[in-house]
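# Geometric and topological summary
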Amino acid sequence: MRGRTLRYRARAGTLSLLGGNAEATAEVFYVAYTVQPEQGQDESSQRPVTFVFNGGPGAAAAYLHLGAMGPRVLMTGTDGSLLPSPQKLIDNPDTWLDMTDLVFVDPVGTGYSREASGQQTRNFWGVNQDAASMGAFVRLYLAQAGRTRSPVFLAGESYGGFRAALLSRTLQQDIGISPSGIVLVSPALEFALLRPDDFDILHFALELPSLAAVRLQRDGLVGQAFRDKLAEIERFALGEYLVGLASGLDSGGRAASQRVAEITGLPLELVQRSFARISTSLFTKEFARARGNVLSPYDGLIETGDIAPQSPRDRGPDPILDRSVSALTSAFTAYVRDELGFRTDMSYRLLNGEVGRNWDYGTSSSRQGYAGVMGDLQRARSLNPAMGVLIVNGYTDLVTPYMISRYLLSQMSAIAGARPVRSAVLDGGHMMYLRPDGRRALRELAAELYQAAR
């Protein structure tokens, strides 16, 4: 911690979730950090406790744990790139431990968390099933740790942001726990805007500023000049560009292609052939083609060699997400074994693709279409108007573009007496905290949320 020494207790272990017959349904792995109280101070006093989740679905919490919030952090490049093996953990000067105790949770099927013998994964792998099991974990942990009087916060990244927003409602309605605040990092909030069908045009307008941010920063534009230019492009995207696309495939393409080519840096002929509708996958494939590279959708400023240039799609490993698997897996397993004393022969699943492929997104005869959580977030804010909400995105994140969060917030009705939702955009991509300056900026934003909740 910058300028301070924190004394804390770390515990890595599992907590049993119980069914109606009092038999275990799952063993959920977690790592908890509690700051040691000063002499005469009650450890279970009003110090906040924050439950932290990653996304996927199918990701363990090691990303936020060793990338952003924990007392130890993975050393990375200044641009957030992962360094060659062997990985090195260093003390984290921007840990959140001075503000809150931390509990990093691996949902069932990720990390070291598993369903119990005889249980089906479908009991845990779904929007509602996951909310129920993670809500049960929060309740049990607070009870067993003697922390039922502590302010509760939730933090999540990507689908973990979806999970945290949903939990902010279900904890209140189903369990009787009212969170004091939630932090959503690069959240997936409404899947209709992240996985649109062929006839949806809104997502093109919401993604265009992120493509522009990649182009502008690669051209060396920074600071206020960068933000001013991007604001101009944002107005174009939701104004003239969106209206043009709505006018029709041919007419909209003819009207917008020249400007879109200038904004994205893509060849005019390619933009015209695409009717000025530039998907993030097309952009990452084509932007650096002249160099024989493709961009990472997790941060458009990081690129890698294209192993299949003849293919219209990127078929290679992602230089951030895929390289993170070996880097974080080796770093995390060694850390919990050697520094925290947790030993097991079980395999560690940082990213379990089987979870995502079999996830139940909650569609039914009464709720068809894409999963979304904005209604749950509004209900949670209505139930607890004092609950703080912070949403943080990265400018060059092409997985959950920052304008989607802005757009969704602009469509929310005001709730009388409720604290306004705060949003911010930082330099960097989906995992902007992998940059040392991004990690520091994220912590500073979170500090304001915790301070306001006192």
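Within each chain, residues carry numbers counting from 1 in the order of the written sequence. Local features are withheld for residues below a pLDDT of 70 in this predicted model, meaning they are given only at 70 or higher, and side-chain atom pairs are given and counted only at 80 or more; totals for whole chains, interfaces and linings count all residues. Values reported for side chains reflect all heavy atoms of the structure, with hydrogen atoms and water molecules removed beforehand.

## Quick notes on the overall build of the protein
Note on conventions: DSSP H or I runs of at least 4 residues are helices, E runs of at least 2 residues are strands, and numbering of each starts at the N terminus. When helices and strands are counted, the protein shows 14 helices and 13 strands. Atoms considered for the radius of gyration are the C-alpha atoms alone. The globule rule reads 2.2 Å times the number of residues to the power 0.38. Relative to the 2.2 N^0.38 estimate, which gives 22 Å for 454 residues, the radius of gyration of the protein is 22 Å and therefore close to what a compact globule would have. With respect to the three principal axes, the spread of C-alpha positions in the protein is 70 × 50 × 45 Å. Buried means the residue's accessible area, taken with a 1.4 Å probe over protein chains only, is under 20% of the maximum for its type, while exposed means over 50%, and partly exposed covers the values in between. Here the protein, with 454 residues, has 57% of them falling under the buried criterion. Across the protein, the fraction of contacts at a sequence separation of at least 24, relative to all contacts at a separation of at least 6, is 73%. Only the protein chains shown count as covering a residue, and every accessible area follows the Shrake-Rupley method with a 1.4 Å probe. Counting only carbon and sulfur atoms, one obtains 47% of the accessible surface of the protein, whose full area is about 19,300 Å². Neither His nor the chain ends is counted toward charge; the positive residues are Lys and Arg and the negative residues Asp and Glu. One atom stands in for each charge, and that atom is NZ of Lys, CZ of Arg, CG of Asp or CD of Glu. In the protein, which carries 46 positive and 46 negative side-chain charges, the distance between the mean positions of the two groups comes to 3 Å. Residue contacts are defined here by distance: any two heavy atoms, one from each residue, within 4.5 Å place the two residues in contact.

## Points about the nonpolar core
Here, nonpolar core refers to any group of buried Ala, Val, Leu, Ile, Met, Phe, Trp, Tyr and Cys residues whose side-chain atoms link them within 4.5 Å. Counting residues in each nonpolar core, the largest one holds 91 residues, and the members touching the most others are Phe51, Phe137 and Tyr241. Looking at which element gives the most residues to this core, the answer is helix α5 (residues 202–218), with ten residues. If we ignore the near neighbours within four places in the chain, the residues touching phenylalanine 51 are Val103, Val105, Phe137, Val138, Tyr141, Leu142, Val152, Phe153, Leu154 and Ala155. The next biggest cluster of nonpolar side chains, apart from the first, holds 55 residues, and it includes Val35, Ala68, Leu350 and Leu445.

## Some points on the packing of aromatic side chains
Between rings of Phe, Tyr and Trp, where Trp is taken as its six-membered ring, a pair exists when centres lie within 6.5 Å; planes separated by under 30 degrees are stacked, by over 60 edge-to-face, and by other angles tilted. Per the counting criterion, the structure on display carries 24 aromatic pairs. Look at phenylalanine 29 and tyrosine 112: their rings are 5.2 Å apart centre to centre, the planes differ by 85°, and that puts the pair in the edge-to-face class. One end of the pair, phenylalanine 29, is in strand β2 (residues 24–35); the other, tyrosine 112, is in the loop between β6 (101–105) and β7 (114–115), with 83 residues separating them in the sequence. Exposure class is identical for phenylalanine 29 and tyrosine 112. Each is buried. Ring centres of phenylalanine 332 and tyrosine 348 lie 4.9 Å apart, and the angle between their planes is 25°; this geometry places the pair in the stacked category. Placement of the pair is phenylalanine 332 in helix α10 (residues 321–339) and tyrosine 348 in the loop between α10 and α11 (353–357), with a sequence separation of 16 residues.

## Observations concerning the pattern of salt bridges
What makes a salt bridge here is a side-chain nitrogen of Lys or Arg within 4 Å of a carboxyl oxygen of Asp or Glu, nothing more. The final tally for this structure, using the stated rule, is 19 salt bridges. With a closest N to O distance of 2.4 Å, aspartate 98 and arginine 443 form a salt bridge. One end of the pair, aspartate 98, is in the loop between β5 (89–91) and β6; the other, arginine 443, is in helix α14 (residues 436–452), with 345 residues separating them in the sequence. One salt bridge in this structure joins aspartate 306 and lysine 285, with 2.7 Å as the shortest N-O distance. Taken together, the residues span a long stretch of sequence, with aspartate 306 in the loop between β11 (299–305) and α10 and lysine 285 in helix α9 (residues 280–286) at a distance of 21 residues. In this structure aspartate 306 comes out as buried when scored by relative accessible area, which is 14%. A residue is classified by how much of its surface remains accessible, and lysine 285, at 0% relative accessible area, is buried.

## Comments concerning unusual backbone geometry
A cis geometry characterises the amide bond from glycine 56 onward to proline 57, with omega recorded as -5°. Along the polypeptide, proline 57 turns up in the loop between β3 (49–53) and α1 (62–69). For the bond running from serine 85 to proline 86, omega is 0°, close enough to zero to count as cis. The phi angle at serine 186 is positive, at roughly 45°, despite the residue not being glycine. By secondary structure assignment, the location of serine 186 is in the loop between β9 (181–185) and α4 (191–194). Serine 186 gets classed as buried once you look at its relative accessible area, which sits at 0%. The phi angle at phenylalanine 275 is positive, at roughly 55°, despite the residue not being glycine. With respect to the secondary-structure elements, phenylalanine 275 resides in the loop between α8 (268–273) and α9. Under the relative-accessibility criterion, phenylalanine 275 is labelled partly exposed at 29%.

## Topic: helix α13 (residues 402–410)
Where α13 is concerned, the buried positions are Tyr402, Met403, Ile404, Ser405, Leu408 and Leu409. In this structure, the buried side of α13 is in contact with α4, α5, α6 (223–246), α12 (374–383), β12 (388–394) and β13 (422–426).

## Overview of the packing of α5 against helix α7 (residues 249–264)
With axes taken as lines fitted to C-alpha atoms, and helix axes fitted only over the stretch in contact, angles between N-to-C directions fall between 0 and 180 degrees. At a minimum axis distance of 8 Å, the contact between α5 and α7 shows a crossing angle of 45°. In terms of orientation, α5 lies oblique with respect to α7. Each of Leu208, Leu211, Ala212 and Arg215 in α5 lies in contact with α7, whose residues at this interface are Val260, Ala261, Glu262, Ile263 and Thr264. Taken together, the residues of the contact of α5 with α7 sort by class into six nonpolar, one polar and two charged. Every angle not falling under 35 degrees, over 145, or within 65 to 115 is termed oblique; those three ranges are roughly parallel, roughly antiparallel and roughly perpendicular. Residue polarity follows a fixed list, in which Ala, Val, Leu, Ile, Met, Phe, Trp, Tyr, Cys and Pro are nonpolar, Asp, Glu, Lys and Arg are charged, and the others, Gly among them, are polar.

## Examining the packing of helix α3 (residues 159–175) against α12
Running from N to C, α3 and α12 cross one another at 45°; their axes reach a closest spacing of 8 Å. Between α3 and α12, the interaxial angle falls into the category oblique. Read as a crossing pair, α3 and α12 show a hand that is left-handed. Between α3, through Ala165, Leu166, Ser168, Arg169, Gln172 and Gln173, and α12, the contact on the second element is made entirely by Asp376, Leu377, Arg379, Ala380 and Leu383. Take the far helix as your reference; a near helix turned counterclockwise from it by less than a right angle gives a left-handed crossing, and one turned clockwise gives a right-handed crossing.

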